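Examining the three-dimensional arrangement
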Protein chains: 2
Amino acid sequence: MSFQKLDELCRRLQAFDHALAILGADEATHMAPGGGEARAEAMSTLAGMAHRQSTAPEIGDWIAAAEAEDLNAEEKAAVAEFRRHYTNLTCLPSDFVERQTRTRMRSEQLWREMRERGDWAGFLPALEGVIDLAREEAHMRAEALDLAPYDALMEQYDPGNRAAEITPVFGELKNFLVDFVPRALEAQARRLERQPLRALSGSYPVERQRELGLSMMAAVGFDLTRGSLSVSHHPFCGGVPTDVRITTRYKTGEFLSSLMGILHETGHALYEQNLPARWAHWPLGKARGMAIHESQSLFVEKQIGRNPAFWEWALPVVENHLGEKWSQDEILAHVHHVEPGLIRVDADEVTYPLHVILRFELEQELISGTLEARDLPEAWDARMRAYLGLSTIDTPQDGPMQDVHWPSAAFGYFPSYTLGAMIAAQQWAAIEKDMPDVNAQIAAGDFEAVNAWRRDRIWSQGSRWSTPELIERATGEPLNAAHFLRHLEARYGA
Amino acid sequence: MSFQKLDELCRRLQAFDHALAILGADEATHMAPGGGEARAEAMSTLAGMAHRQSTAPEIGDWIAAAEAEDLNAEEKAAVAEFRRHYTNLTCLPSDFVERQTRTRMRSEQLWREMRERGDWAGFLPALEGVIDLAREEAHMRAEALDLAPYDALMEQYDPGNRAAEITPVFGELKNFLVDFVPRALEAQARRLERQPLRALSGSYPVERQRELGLSMMAAVGFDLTRGSLSVSHHPFCGGVPTDVRITTRYKTGEFLSSLMGILHETGHALYEQNLPARWAHWPLGKARGMAIHESQSLFVEKQIGRNPAFWEWALPVVENHLGEKWSQDEILAHVHHVEPGLIRVDADEVTYPLHVILRFELEQELISGTLEARDLPEAWDARMRAYLGLSTIDTPQDGPMQDVHWPSAAFGYFPSYTLGAMIAAQQWAAIEKDMPDVNAQIAAGDFEAVNAWRRDRIWSQGSRWSTPELIERATGEPLNAAHFLRHLEARYGA
């Protein structure tokens, strides 16, 4: 039976996935510094074997045969998602993949070096090479998937997302934000005039911050028997659903960046820990995509963790662990701090979308060929000035060289971040409609009902639906910018 | 070129080895408790793939072709060791291996349960099944390797070791020890009469013990950029040569068991960290076998770590970390404590060999068929009484049920422990002959010359020689019990 063959293949591939996920998390947390070269060789060999096994031509026959078999609805969905996955994996010729991998690795190495030095001219030829190949890739994917080129790239990260649908939503958001950012800054200035910012005391031992983080993780639903918290240079959520590894980085001078980071990664972890276990080895059992994943992490960080109601419950917990008493207003002044800046990863939730929209617009032009890499610094700077009133023309390391995405040929990924923020707000609105007392629950430290809602509508669904389908099924309507705008207005508008 | 094909195969297999080693170490140190089932499934799937890839029939042709190629001496050695490895891996039919794996897993599970209850009768049928298969295995291996059945089993752990050569050496050791143990106990009683045992203070914080352990690891040669120290329930040395994971377990009431354990595992780690890196992916580049490995760990634990000269250097280090001042005599009374007991893993270096010789004798009889499993409790008890004056007839959990080796079908492994102790002593004697001031070096905390000697003669040799060849090349003579007897006599005889 072909379904059975696919099931066995999935189990073999799952073993590779498991190994690569744990080896990857281990590399960032527990590996000895001298172990890197052997680790990289082992991981790339395993990844290569997994790729060969998952793209073998006979699999196409198994899928076709399985589609003709008498399967129940869930099995049918599993085969359909397998086919989607297989098509995306096999639509590029392997010599192209090898060429692209080499180009991307060289470009990433060069990028690290040249960004350090702010040397745009030194990096440009490598980026041009990557973009040439990305255009080629987009056209091959477009052909195989019968999609527009940029849509075919996005399809890898968020199945079903289309630029034609995202562009108007992002447009609405951009128009709103260009006016709203100054307004939010004025409102913030007025608040700070009434009550000046209380400085953090600057003495937060790592072990106490860790205990605080663990207690908040557990409170919001992280299953500590199936995951852990470690330290790494760049925070991440990795591992496998039965052993989710989240990480943070502590500064003893302040506790909020680590705590908010932990809540963010906990959001990713909740999704992973609550995926449908019986389909764990099939693509059907994996998380839907990057926008949905980001919506789950941002939900815990922003809708829960930066919600005033949350701090009614959280302030005594902080006091208990860190020995410091804060008032709501004092802590919210930190938690809701808005400050336009050049760097996307440091941005607050008000200005962040403008960073993403800038990239979304530019990368579409790069892929379509209406923009060339050599013109990026000017194009970037022009939009940066228009959207945030800032200039990067003299500091390319803070402009088009700031992110790893383009140097590593990940075009079509950026929109996921802001789609995630919008989906999170839309999810909150839907929850509030179903449970009008949700803020009271959160103020009481009770996250059960919120998690049950999300488990039922999102987490348990795995990859059963496309991203837009999942949004509509979970929240009752297609992606709608209004919820996010209302969220920003309520939190930052006055 | 077939040598090249083997080289590529070795690289693929190395990726599996790497993954399995790190996943195994991670499981015991950092894995979330709920991650066990998925981890076991991933590891057994990877191990199965590795086994299939390493036993493919075409490999036999590649080896034969490589043997006919124009290779240098080292490459020839690599191919020869590859053949030995391949022959040992492929000499059992795969349906037998599957049957044995199932039997062994059931037997191990039952053993854990029945040992807990001391239920010999409940465990016996499972052990009988394992022994039946072990006899079958020994005969198949014997046929393939042209060895005696028990030798063919030992060949998996220590290539070249033969019962006919070990038996007289163990006989000499046994005859010595049966008289020596009471004498050592009398000598100990006299010492304790002169100076009563000073109690440990009982308050040793884990973090300080860890720092002490790390500083001693580094001092005796462990490269902390290519390895680490963690905590696990059972101490082990795992990981890969570029990232060696050693573990310990702390008791806050005393510090010596953890410290001695760390030195022991550090001995294993030094061997791994100093294997020939360019052959890391070939069998030639792996450690020789269990007896040599144990000789390297025991050397660091016993020849260095329990050496009075070592404590001249170590006592100030202990004082520095734990804030406790000890005299040489006070610490040596703990470090050289002798006490006959029922449990092998708790035994001191004087009584340990008798535990091993007992098992070596009994397991040969079990394999040859002159002893049946049902008669084990009586046979065990008779030897226990003869060798150590202790009885296990009413506590089978402390007798033939105490070790995992037989329940898991590892016959031929036990001699490695005591061979390791003897090789360590013989190595020390050879070093002392080459460097008469070795004790002065150790008393000064200088382990460079000792490590250089071992790196040159043992570690860098990988699997180039059989176990007896390596012993003779490194120490200038075949295995000779006299060195170990002299060591015991000098340390415990008066």
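Residues numbered from 1 in each chain as written. Chains lettered and ligands numbered in written order. Predicted model: local features only at pLDDT ≥ 70, side-chain atom pairs only at ≥ 80, totals over all residues. Heavy atoms only, no water.

Attention now goes to the UniProt feature "binding site: Zn(2+)" (unreviewed entry) in chain A. Residues and elements named next belong to chain A. Annotation from UniProt places "binding site: Zn(2+)" (unreviewed entry) at His264, His268 and Glu294. Spanning 31 residues, the named residues nonetheless gather at one spot, since no C-alpha pair among them exceeds 8.9 Å. Here His264 shows up in helix H10 (residues 256-273). Ignoring sequence-local partners within four residues, the contact set of His264 consists of Glu294, Ser297, Leu298 and Glu301. Turning to its location among the elements, Glu294 is positioned in helix H11 (residues 290-304). You can call Glu294 buried: its relative accessible area is 13%. (UniProt positions renumbered as here; feature names shortened; annotations may be inferred. Helix = DSSP H or I, 4+ residues; strand = E, 2+ residues; numbered from the N terminus. Contact = heavy atoms within 4.5 Å. Buried < 20%, exposed > 50% of the residue type's maximum accessible area, 1.4 Å probe, protein only.)

With that settled, the discussion passes to helix H19 (residues 467-475) of chain B. Residue and element names in this part refer to chain B. Turning to H19, its buried residues are Thr467, Leu470, Ile471, Ala474 and Thr475. Taken around the axis of H19, the buried residues stretch over an arc of 100°, which confines them to a single face. Considering only its buried residues, H19 is in contact with helix H11 (290-304), helix H16 (415-434) and helix H18 (448-457). Among the residues trailing H19, Gly476 stands out with phi positive, at a value near 85°. (Arc of directions from axis to C-beta.)

All names here are of chain A. The sites that carry the UniProt feature "active site" (unreviewed entry) are, in the present numbering, Glu265. Take Glu265: it is sitting in helix H10. The class for Glu265 is buried, based on a relative accessible area of 9%. Glu265 has contacts with Pro235, Phe236, Cys237, Ile246 and Thr247, leaving out every residue within four places of it along the chain. At a separation of 3.3 Å, a polar atom in the side chain of Glu265 contacts the main-chain amide nitrogen of Cys237. (Polar contact = N/O pair within 3.5 Å; in protein donor to acceptor, adjacent residues only side chain to side chain.)

Next up on the list: unusual backbone geometry. The bulk of non-glycine residues show a negative phi, and the bulk of peptide bonds are trans. Backbone geometry places Ala409 of chain A, a non-glycine residue, at a positive phi of 70°. By secondary structure assignment, the location of Ala409 of chain A is in the loop between helix H15 (376-388) and helix H16 (415-434). Taking the relative accessible area as the measure of exposure, Ala409 of chain A reaches 12% and is therefore buried. Positive phi, close to 60°, is recorded for Asp146 of chain B, a residue that is not glycine. Mapped onto the elements, Asp146 of chain B comes out in the loop between helix H6 (120-145) and helix H7 (149-154). By relative accessible area, which is 70% here, Asp146 of chain B ends up exposed.

On to the nonpolar core, then. Membership of the largest hydrophobic core comes to 112 residues, with the highest contact counts inside it found for Met216, Phe255, Phe310 and Trp311 of chain B. Not counting chain neighbours up to four residues away, the residues in contact with Phe255 of chain B comprise Leu200, Tyr204, Gln209, Leu212, Val318, Leu322, Glu324, Trp326 and Ile331 of chain B. Listed in part, the 111 residues of the second largest apolar core include Leu263, Ile304, Ala373 and Ala409 of chain A. (Core = buried A, V, L, I, M, F, W, Y, C linked by side-chain atoms within 4.5 Å.)

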